[in-house]
Every structure is written in C-alpha cells, then in structure tokens.
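# Report on the structure
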Amino acid sequence: MPQTMTKTFTIMSGFFSSILLSIAAISCNGNSSAVSGDTLATASDGENFTAESPRMANDPVLPGIEVLRRDNFEALQGKKVGLITNPTGIDNALRSTIDILATAPGVKLTALFAPEHGVRGDYVAGANVLNETDPATGVPVYSLHGKTKKPTPEMLKNVDVIVYDIQDIGTRSYTFISTMGLAMEAAAENGKEFMVLDRPNPLGGNKVEGNIAESAYRSFVSKYPIPYIYGLTPGELARYLNGEGLLKDGMKADLTVIPMEGWHRYMSFAETGMPWVLPSPHIPTPYSAILYPATGIMGELDYVSIGVGYTLPFKLAAAPWIDAQALTDSLNNLNIPGVEFRPIHYKPFYAFFKGQNLNGVQIYIHDFKAAPLTLIQFYIMQELAAMYPTKKAFDKATPTRLEMFDKVCGSNKVRELFCKRYRVEDMLPFWQKDAEGFKARAEIYTLYQ
C-alpha cells in the first residue's frame, strides 16, 4: 500500500437509472445467501442482508466466509478455487480463509493469489512477492505484487472460480481494490467465475468524499472512476465496477457476492464486534483506517511527517520547524466539524524526518459523521502556509512527488486550485462535485441498509 499516500455521474441520471433498474432484485440460489449474476439490489426492493436470521444485538457481524460456511459452502461445491487473500481473510475466531477452504467439504483449493505483503503477511511493505508454495496447505501461491498484477491464463488453468477475501479500508488509493478489479477482468477474459466474500467498510457505508478520478490520472492508486472515499463494501464495489462497465473494455465478470450478516451502513468497525487484523503495517487499528484519508494525500509530498515511522501512523502532522501550540490553536480556531487537534512532540524511528525532533499536531475525530476526513490535510497545509509563507506544501516538492499527489487525488486540478492561495475554499467545489451523484448511482448496487 502507499503508506504516504471521469466519469461524472449526475444526481438526475442516477435518479432515472435507479427507476429503470429498480425492477431488478437480489437473486438467491436455493437457500444460499449468495448474490449472483447482474441482479441489482435497489432502494425500492426493501431487500438487504442486515439480519437474515434472528441474532442478538450484540452478536458480531458475520463476514462472508462465515456465511459461506454456514451455508455448507454451497456456492463452491464441486469447484476448483483460486483464492485472493491476505492475513485479514479470517473468520471471527481468527482462522484463515485459506485454511477454512482447504478443508471445506466438496471444495478443492487449487491456487492462492498473493497481493502486497503476501497471503500470510510475510512480506514487508513494497517488497515483491514471489511465486511459491504455501507450506501449511501445499497449494501453489502466485504473486500479484511484482511484475504481474493480474492472474494469467497459466495461473488460472486449474481454477473454476476466483474467490476474493480481503479487509479493505474504504479509500481509493489503498490498492487492494485495484487487485480485485484486475482479477475480475482476468476471470471474465478466461471464462472463470468471480466471488467476493464480503467484509465491512471501516469508514461505514454513508461517507463519500472527493472527486471521481479522471482518466488521465488513473493508476494503481486510482484505478477506477470513483471518489476518494467511496462508501461501499468490497462486494458492493465489485457489483458497481461490473454493473457500470468499468472493467477493461466494458467486460463483465460472472460475479457472485457472499454478503455479510448483521452489518449496517452506519457501523464503525468497533460496532461490528469483529476482530481487526492489520491489512498493512501502517494500518494497525481501525482508527488508523479512519485517519488514512485525513493525511495520506498530504503524505505523498514529503512535506511534513504524518506519523508513519512513529507509533501513530496517519494521525499526526509535524516537522522540525513547526510551533506545535500555534498550529494547534490555528486549526482548532477553524472549528472543523467533528475534529480537534492537540500539540505533540516526537522523534520518528524511521521514514521521513527519521531521528529528528518534530513538533506538530495530533488529530482527534470526535464526530465521525460530521468530520470531513479528506479535507483535514488541506486545512493543515492552509494554516501552515499562512504561518510559514516560505514553507508552503508544494514549493519544494519534486516532480515525482507532485505526480504521485495528482494520481492519488485523481486529478491535477485539486493541486492547481489549492495552490492559487493555499485556501481550502478554492478547491472545495471541485473536490465535492461528484459525491452526491456517485452516491445516487451507487445506491442500486448496495446490499445493506
């Protein structure tokens, strides 16, 4: 994952599309909970997978792998399975999806596909993952993080269905969703089925922020035309990519989603009762996932430390030249909804400003619903530019850093508009322009209330 870090849909088009597609309903195979084919869940269906069977209010949410197991692996019976996963692919007892499917009756696990960090999490950030054999199961592991990012026909020759089970963090630049989309393309190209074992979005299902990525700025960190915070679960996003024809050449995968049970769009990850396994080294907690979109874009500039290299990744903004109390006061005086700051002083153990004494702010989110997560970093850059006119965020950034910043933003216009006066108000209309239209269009692909 990057640790630092166009299609525009209008509300009207989303409204009419919702009417046209509202006749489509969730399709269930027999007693299975699977959502398959191109069927769409719409707001008018009244269908969701929030409580499919009686459950106590304090029971943990069941991830897709547990629903699949409860249904006796019906959707995979007699099939050869290629699994894309990492250490986050677990049941609520922390047992790996790899080991669950390897011993599932009637299922043959024939291949594992490794994203960044590997299927067992034994590769450090940025390291190329090798083709190897999983020692616990004897199943071949094919790397999707290196020269090859998409399963090849040779990798898929002994596979009937590609299964995807990874905990994501709901932010466009976090690249597991790019891996998922490419694997969906490979499934479509090679006549294979594709299945998502769904998991929560730790940012919930209601928050959408940021412009849709423009075609000229698509990359592995902004591969699809979606907002920066997109408010969908992995299964819902797969349905969106498939239904909107956003895979290569508009191709469609033979897609099935095994939904969660008990998840609601308003939920924080803590409210799910599920165990958290870090999806990458700098997202050790669900709170890190919440603050990743609050500082990660700014982190691409090597301008200030955002806590990567210290014990609070993505929760800080600091540099040797900052007056911590003055910055704290300036930011708190903005009264950013749901956000507060306190002064902090620390010395990073590694990464940017390693071994230097830094001063800055720690970010606290006290009202998640109200907090404009992605704007926090722009407010920080705004106030620092006012306090230190000779140390503005983009003044000394290298061309490589500027290019990466634009790719993560999905456009160069965010930077260009902000740089005019280093004022959030100058880039805000562009940043916000696609959110409501996307939410209206994406609603027809949602599975949960």
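What you see is a predicted model, and the numbers here were worked out from it, not measured in a lab.

## Here's the deal with the side chain of E244
When you line up the elements, E244 lands in the loop between α5 (234-243) and β8 (254-258). Accessibility expressed as a relative area gives 13% for E244, which makes it buried. Separated by 2.4 Å, the side chains of E244 and Y445 make a polar contact.

## Things to note about α5
Of all 10 residues making up α5, nine are buried, and the element is well covered by its neighbours. Residue G245 follows α5 closely and has a positive phi angle near 65 degrees.

## Observations concerning the sheet that holds strand β9 (residues 316-319)
Judged by pairing direction, the sheet is antiparallel, and its three strands sit side by side in the order β9-β11-β10 without closing on themselves. Two strands bound the open sheet, and with one partner strand each, they are β9 and β10 (339-346). Pairs of neighbouring strands in the sheet enclose a mean axial angle of 20 degrees, with direction left out of account. Where β9 and strand β11 (residues 358-365) come together, four bridges link them in antiparallel fashion. For L316, the partnering residue across the bridge sits in β11 and is Q362.

## A closer look at the pattern of salt bridges
Counted by the stated rule, this structure contains 22 salt bridges. Between R70 and D71 there is a salt bridge, and its shortest N-O distance comes to 3.5 Å. Note on R70: relative accessible area 34%, which makes it partly exposed. Using a relative accessible area of 15% as the deciding quantity, one classes D71 as buried. Residue E244 pairs with R441 through a salt bridge whose shortest N-O separation is 2.7 Å. Placement of the pair is E244 in the loop between α5 and β8 and R441 in helix α13 (residues 435-442), with a sequence separation of 197 residues. The burial state of E244 is the same as that of R441; both residues are buried. Each member of the salt-bridge network shares a partner with another, and the members are R421, R423, E425 and D426.

## Side note on the packing of helix α7 (residues 286-299) against helix α9 (residues 376-387)
Remark: α7 packs on α9, axes separated minimally by 7 Å, with the N-to-C direction vectors making an angle of 50 degrees. Put simply, α7 runs oblique to α9. Residue-level inspection shows P293, A294, T295, G296, I297 and M298 of α7 in contact with α9, the latter providing I376, Q377, I380 and M381. Class assignment for the residues of the contact of α7 with α9 results in seven nonpolar, three polar and no charged.

## Some thoughts on the environment of V408
The topology assignment puts V408 in helix α10 (residues 399-409). V408 sits in the buried class, given a relative accessible area of 0%. Separated by 234 residues in sequence, V408 and Y174 place their C-alpha atoms 9.6 Å apart.

## Some details on the confidence of the model for the protein
With 88% of its residues at a pLDDT of at least 70, the protein reaches an overall mean of 90. Across residues 3-31 the pLDDT falls below 50, and counting only partners more than four positions away or on other chains, this stretch makes 79 contacts in the model. Within the model, pLDDT remains below 50 along residues 39-54, and this stretch shows 53 contacts once partners closer than five positions in the same chain are excluded.

## Here we look at the packing of helix α8 (residues 324-332) against α9
Contact geometry for α8 and α9: axes closest at 10 Å, N-to-C directions at 125 degrees. Between α8 and α9, the angle is such that the two are oblique. Crossing angle aside, the handedness with which α8 passes α9 is right-handed. Along its contact with α8, which presents A326, L327, S330 and L331, the element α9 presents Y379, I380, E383, L384 and M387. Of the residues belonging to the contact of α8 with α9, the class tally is seven nonpolar, one polar and one charged.

What counts and what doesn't
Residues numbered from 1 in each chain as written. Predicted model: local features only at pLDDT ≥ 70, side-chain atom pairs only at ≥ 80, totals over all residues. Heavy atoms only, no water. Helix = DSSP H or I, 4+ residues; strand = E, 2+ residues; numbered from the N terminus. Buried < 20%, exposed > 50% of the residue type's maximum accessible area, 1.4 Å probe, protein only. Polar contact = N/O pair within 3.5 Å; in protein donor to acceptor, adjacent residues only side chain to side chain. Pairing = 2+ DSSP bridges. Axes fitted to C-alpha atoms, helices over the stretch in contact; angles between N-to-C directions. Salt bridge = Lys/Arg side-chain N within 4 Å of Asp/Glu carboxyl O. Parallel < 35°, antiparallel > 145°, perpendicular 65-115°, else oblique. Contact = heavy atoms within 4.5 Å. Nonpolar A, V, L, I, M, F, W, Y, C, P; charged D, E, K, R; others polar. pLDDT = per-residue confidence, 0-100. Left-handed = near helix turned anticlockwise from the far one by under 90°.

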